[in-house]
Structures are given as C-alpha cells and as structure tokens.
Amino acid sequence: MACDQINAFRKSHEKTENEVKTIVKSRIQWPSLLGLTLVALRLGMGDLRAQTTVPNLQSAVEDTQTPTAQDRKIQQLQDKLEEIQKELSELKRANSSQPETHHTTTAKASVAPPALSEAEPEVTDPSSPHSEPFAFADFTWLNGNSRTKDTPYATKFFTPEIRSDVSYTYDFRHPQDDTIVGSSEVFRSSEVTLTDLGIGGDFHWNNVRARVLSQIGLYATATPRNDASPARGQWDLADAYRYVGEANAGYHFNVQHGLNVDAGIFLSYVGLFSFYQFDNWAYQPSYVSSNTPWFFNGVRVQWYPTAKLKIEPWFINGWQSYGRFNSRPGLGGQILYRPNGKWQFIGNQYGYGEDALGVSSRTRLHTDDSIEYKYYDRPTSMISKAAMTVTGDAGCESGGGVSCHGNTKQGPKQSFLGFMVYNRLWFDRDKYALTIGGGRINNPGRYLVLLPPINGATAASGTPYFTENPGDPFKAWDASVTADYMPSQYFTYRLEYNHRAANVPYFAGPGGVTPPGGNTGALGSVVPNWSPDLRNSENRITGAFLMKF
C-alpha cells in the first residue's frame, strides 16, 4: 500500500513539474497564477515528505526506488522552485516598467480602435508609427466624450455597450398636456420618461469593423419627427430607421496611425455635445448643440496621419436626414487635433446639400468650431479637475428666395449665428461635478429652430401657428446649472436647472400645445376656436439616472 502511495505521489508531482515548466516556458505574465503554483508545490512537497515517514516505508521503497533517489527528486523540485521565484521577480520588474494604457473615445460618435491581438499591448507613444490615435493621454474629461475607462465583458471579437437614460422634468409653467417644446433631449413634463435605451456594441475582427446600437424610448419618436426627408418618396424611412441609433460597418486599413472607411448611420459631431447625455457635462445643451444635427446617414473616412490628428471627410444624404431632401447629397468633414492631454481643437464643416424640403435651388453652408481646455488637474485635492469649452457656429442658406448676404433682391437674410460656453469643476477624485453654462443664437428664417409639436406638427408638416418663412426672426438664449454625483464610472445621478428664453412666443405655457380631445385634423393644421399657449421663456428642473456599460 505504501509503495502504491509513493508511486501515485511521484506521478502527481512529475505532472506538476511538467506543468510548471510549461508555465515558465510560455512566460505567462500573471504573478497571481505563479504564486498559486508556488503554494501548490510547497504544500505538495510537504505531503510527500510526510508520506516518506510512514511505518515500513523502507521495505516498500526497495521494490521501486531507493530513499536516496526520492531525496534527489525532492531536491530537484526545490531547485525548480528557486528558478520559478527568480522568474517571477523578473516578470514583476518587467511589468512595472511598462507604460500605463489609456482607453479613450472620440466626441459624439464613439469610434472603436482597430482590434489588437490579445498578446499585443496597445502602443500609446505618439512618436511610434504604430501607436493608437489619441491613446497617449486620458481624454475622458472632455464634454461629449464618454468617461468610462474600460468595458466589462469586452472580447477580441465584440465590445458590448448598453446605455440607459431615464429622467423626470418639472416645468414651472405646468403645461396641461405635459409637453415640452424646443428641446431635442427633454420632451415631457412631470413624468418619469425613458429617453433612450441603447443596446449593442462594436464588432471587430481582422480589420473588419461594425457598430450597432438600438434607439428605444422617446428618441425613437423625436428623432424621426424632426427629419423632413421621409416626406419625399416612399418606403417610410422614419419607421424603417426609428429604432436604430447607430448602425455602420467598414474596414480599418493599417495606414500611418489608422484609416477607417465606414458606411451607415453614425452620430453627428456638430455641436460638441454628444447625442447621449451620459457623455455630456449638461443634460440640456444650449441651442448651438440642441438645434444642430444629431446623426448622419452616409459614408465617412477617418484618416489619422498622426496620433494627435484626425481628418474625416463625409458623404451624406443631407443635414440630419435619413434620405435626400432634393437632388443633392451633403458634403462635409471634421478636423480634430489634440496636441496634449489638456487641449482639444475641433472643426466641423458642411455644405453643398439642398436641405429645404421642396426647394431644390436652396443650398446650405455651416461651420461649427470648438475648443476644450483642462486648466486644472490635481486628483487628490478637494477640487480634482477643472475644464471649460467654447463653441461657435455660423451658417446660412442661399437661393430659393433667400440670401446669405442680408436682405437683397435675392431675398431676405437666412442665416445662423450662435455660441455656447461651459465650465465644469470636479470634486473628491471626480466623484462629484458642477457645470455652469449657456449660450445664444440668432436664426432668421428659423431653418434650424426645432418646430413646436403643435397639434402633432412635424418637420415635414409645418404649422401656421409657428411659421418658418424666409426672414422670420428668432433669437434665443439659455443658461443652466448642473450637479452630478458619479458613484461609479458607469453611472451618474444628475440634477439640472434650466432657463430658456426667446424673442417670440415659443415655449409651452399652461394651456399646452395640444387641442382639447387630442390632435385634430391634419398634423399641424389650424383647429377652429383654439390656439396653442406659447410663451417667451421657460424654467425647468430635470433629474436623471444615466448609465453606460
């Protein structure tokens, strides 16, 4: 019996020794695994020595292996232990000398980096010809950029993403139909609302890439409602794309620091703020962001000539449109430059497109330019970080009875001019934050003003209760204060106060914008003996639960 036990232990430890050799040879850089191996070997040798002290052991060993040979076996295992300990020390020193890896995204439309082999560390040195773009610093502080630093359950093939935006807004005007006017983010008053639920993620394999994210909640109604292009032609584009927030696919070319060619629906960069509130410093962005595109449908090329610069041309159906408004597509592009971890310079340009439904000779130009600057960063201080943003937009339309150059014989002035400024402070290791900001716009012709949903009016139907004729005046300004509590990188509690005002009646008053008994007749049409209750200003408070995995 003792002989059988010794043979069993010998075979067990020979197997363990072979496994240890395999671990050392493959140089798996997991100190915890090596530590467990060391413990197992020590415990095993202790058991082996205990077995050699059993009665009558000498007689049992004589038929198989002498005690002297067994002692030599134990000595060999001890020598192997010393080799493993030396190997572990060298691995620890090698790991401590490697640079820290930063995981970043880009503003508005998150761009997944090319898939890396599991055995290849991400190259972050911007001087390296193979480094990942913008990986040389942590840019999660940016407005419009997600602040998550890693993704749970990410694999070499798929990086999942789940977003949830649930909010409650209290409007001090108390509109009787609970309808909020003039916002692309807040739609109902005095109700808990699911603004958006996005489920999807990024696929990546052998340079092939794809991204898909659902659009479930009020965004599924508000986003198509503000696009007039489905009114041209058939196949109901609004319903076809209603529940799709992002859906695109393409290929990554290993050129310089990366070249991506993608096609489908992707988020717009215009206006700095992200379409998703989790990524933003405020819940309700100023007009410059709220009134400009939230998505594009078309083709984009992302070229990274250096690790600090992105050049991105667009070929798209139109200005925030599923289809074309007339006979021309839209052209545009972005230039993004981050010289270091404190600055971001971004410029978005758009032109050529004919984006007025039914007016084929009217073209649009627009420029959107932002600067973001982190001017304070002390992680262990009470105020852990501080940053600010400045955004300016300008544009115009010409042809079809309007002019870019003022009131001329070609028609009244049709233009857009606006700005917004925000400042944010982070506290207690970025667990809390306070943001103050606002802005102004002037948009004669109202071609970028969000049409109030009076009697069910949409961007395609229009309404005589709020006209968008050439030269119609519209000036507005807003201010907000936002407080955030961020107990996790994946979750934010947000409380925000907003004041918004315009030079014409625009916001919902106590009477609301819905006729008695609900929408009546054609969408946006006149209802006898009724008119909407529109006011020049509004004040509201929003509380939100924001999550992103």
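Residues numbered from 1 in each chain as written. Predicted model: local features only at pLDDT ≥ 70, side-chain atom pairs only at ≥ 80, totals over all residues. Heavy atoms only, no water.

Caption draft 1: Representation of the overall build of the protein chain in the model. Looking only at helices and strands, the protein chain features seven helices and 18 strands. Across the protein chain, the fraction of contacts at a sequence separation of at least 24, relative to all contacts at a separation of at least 6, is 69%. Of the accessible surface of the protein chain, which amounts to about 24700 Å², a share of 58% is contributed by carbon and sulfur atoms. (Helix = DSSP H or I, 4+ residues; strand = E, 2+ residues; numbered from the N terminus. Contact = heavy atoms within 4.5 Å. Areas by Shrake-Rupley, 256 points an atom, 1.4 Å probe, with all protein chains shown as cover.)

Caption draft 2: Looking closely at a nonpolar patch on the surface. Judged by side-chain polarity, Tyr-168, Tyr-170, Phe-172, Val-192, Leu-434, Ile-436, Val-481, Leu-495, Tyr-497 and Ile-541 come together as a nonpolar surface patch covering roughly 890 Å² of accessible area. Only β1 (158-171), β13 (432-442) and β15 (491-502) provide two or more residues apiece to the nonpolar patch. Position of Tyr-497 among the secondary structure elements: in strand β15. For Tyr-497, a relative accessible area of 36% puts it in the partly exposed group. (Patch = residues over 30% accessible without salt bridge, like charges linked within 9 Å, V, L, I, M, F, W, Y side chains within 5 Å. Salt bridge = Lys/Arg side-chain N within 4 Å of Asp/Glu carboxyl O. Buried < 20%, exposed > 50% of the residue type's maximum accessible area, 1.4 Å probe, protein only.)

Caption draft 3: Region of interest: the pairing of strand β18 (residues 537-548). Relative to β18, β1 is paired through nine bridges, and the arrangement is antiparallel. Among the inter-strand pairings, Val-166 is bridged to a residue of β18, identified as Phe-545. Where β15 meets β18, eleven bridges bridge the pair, whose relative direction is antiparallel. The residue of β18 that forms the bridge with Arg-494 is Ala-544. (Pairing = 2+ DSSP bridges.)

Caption draft 4: Fine view of the packing of aromatic side chains. Scanning the entire structure with this criterion turns up 33 aromatic pairs. Note on Phe-158 and Phe-203: the rings are 4.6 Å apart at their centroids and 35° apart in plane angle, and the pair reads as tilted. Taken as a pair, Phe-158 in strand β1 and Phe-203 in strand β2 (residues 192-205) lie far apart in primary sequence, 45 residues in all. When its relative accessible area of 31% is taken as the criterion, Phe-203 is described as partly exposed. (Phe/Tyr/Trp six-rings, centres within 6.5 Å; stacked < 30°, edge-to-face > 60°.)

Caption draft 5: Here's a closer look at the pairing of strand β4 (residues 244-253). The pairing of strand β3 (residues 208-214) with β4 spans seven bridges and is antiparallel. Looking across to β4, one finds that Arg-211 is bridged to Asn-248. Here β4 pairs with strand β5 (residues 259-267) via seven bridges, running antiparallel. Bridge pairing in β5 places Phe-253 opposite Leu-259. Taken together, β4 and the strand that follows it, β5, pair antiparallel across an intervening segment of five residues, in which Gln-256 is found at a positive phi of about 50°.

Caption draft 6: The arrangement of the state of the cysteines in detail. Tallying each qualifying case throughout the model produces one disulfide. The side chain of Cys-396 participates in a disulfide bridge whose partner is Cys-404; the two sulfur atoms lie 1.9 Å from each other. Judged by the torsion about the S-S bond (85°), the Cys-396/Cys-404 disulfide is right-handed. Like Cys-396, the residue Cys-404 is buried in the burial classification. (Disulfide = S-S within 2.5 Å.)

Caption draft 7: Looking closely at the confidence of the model for the protein chain. Per-residue confidence for the protein chain averages 84 on the pLDDT scale, and 79% of its residues sit at or above 70. Overall, residues 20-65 carries pLDDT values under 50, and its contacts beyond four positions in sequence, including any with other chains, amount to 61 contacts. pLDDT under 50 marks residues 95-119. Its contacts with residues more than four places away, or in other chains, come to 68 contacts. (pLDDT = per-residue confidence, 0-100.)

Caption draft 8: Representation of the nonpolar core. Membership of the largest hydrophobic core comes to 60 residues, with the highest contact counts inside it found for Phe-466, Phe-474 and Tyr-506. Of the residues forming this core, the biggest block, four residues, is contributed by strand β12 (residues 415-427). Setting aside its immediate chain neighbours within four residues, Tyr-506 contacts Val-181, Gly-182, Val-449, Leu-450, Pro-452, Phe-466, Phe-474, Leu-534 and Arg-535. Membership of the second largest hydrophobic core comes to six residues, among which are Phe-278, Tyr-283, Ala-544 and Leu-546. (Core = buried A, V, L, I, M, F, W, Y, C linked by side-chain atoms within 4.5 Å.)

Caption draft 9: Focus on the environment of Ala-386. By secondary structure assignment, the location of Ala-386 is in strand β11 (residues 383-398). When the C-alpha atoms of Ala-386 and Leu-425 are compared, they prove to be 4.5 Å apart, with 39 residues separating the residues in sequence. With residues near it in sequence (within four places) discarded, Ala-386 still touches Tyr-373, Lys-374, Tyr-375, Tyr-376, Arg-424, Leu-425 and Trp-426.

Caption draft 10: Just the side chain of Ser-214, in detail. Relative to the assigned elements, Ser-214 resides in strand β3. At 2.8 Å, the side chain of Ser-214 and the backbone nitrogen of Ile-199 are in polar contact. Ignoring sequence-local partners within four residues, the contact set of Ser-214 consists of Asp-196, Leu-197, Gly-198, Ile-199, Tyr-243 and Gly-245. (Polar contact = N/O pair within 3.5 Å; in protein donor to acceptor, adjacent residues only side chain to side chain.)

Caption draft 11: The side chain of Gln-215, seen in detail. Structurally, the position occupied by Gln-215 is in the loop between β3 and α5 (219-225). Within the structure, Gln-215 has its side chain in polar contact with the backbone oxygen of Arg-242 (distance 2.9 Å). Filtering out sequence-adjacent residues up to four positions away, Gln-215 remains in contact with Asp-196, Leu-197, Ala-220, Thr-223, Arg-242, Tyr-243, Val-244, Gly-245 and Phe-275.

Caption draft 12: Representation of the environment of Ile-199 in the model. By the element assignment, Ile-199 lies in strand β2. Put simply, Ile-199 and Glu-161 are 38 residues apart on the chain and 6.1 Å apart in space, counted from C-alpha to C-alpha. Here Ile-199 is in contact with Glu-161, Ile-162, Val-212, Leu-213 and Ser-214, once residues within four sequence places are set aside.

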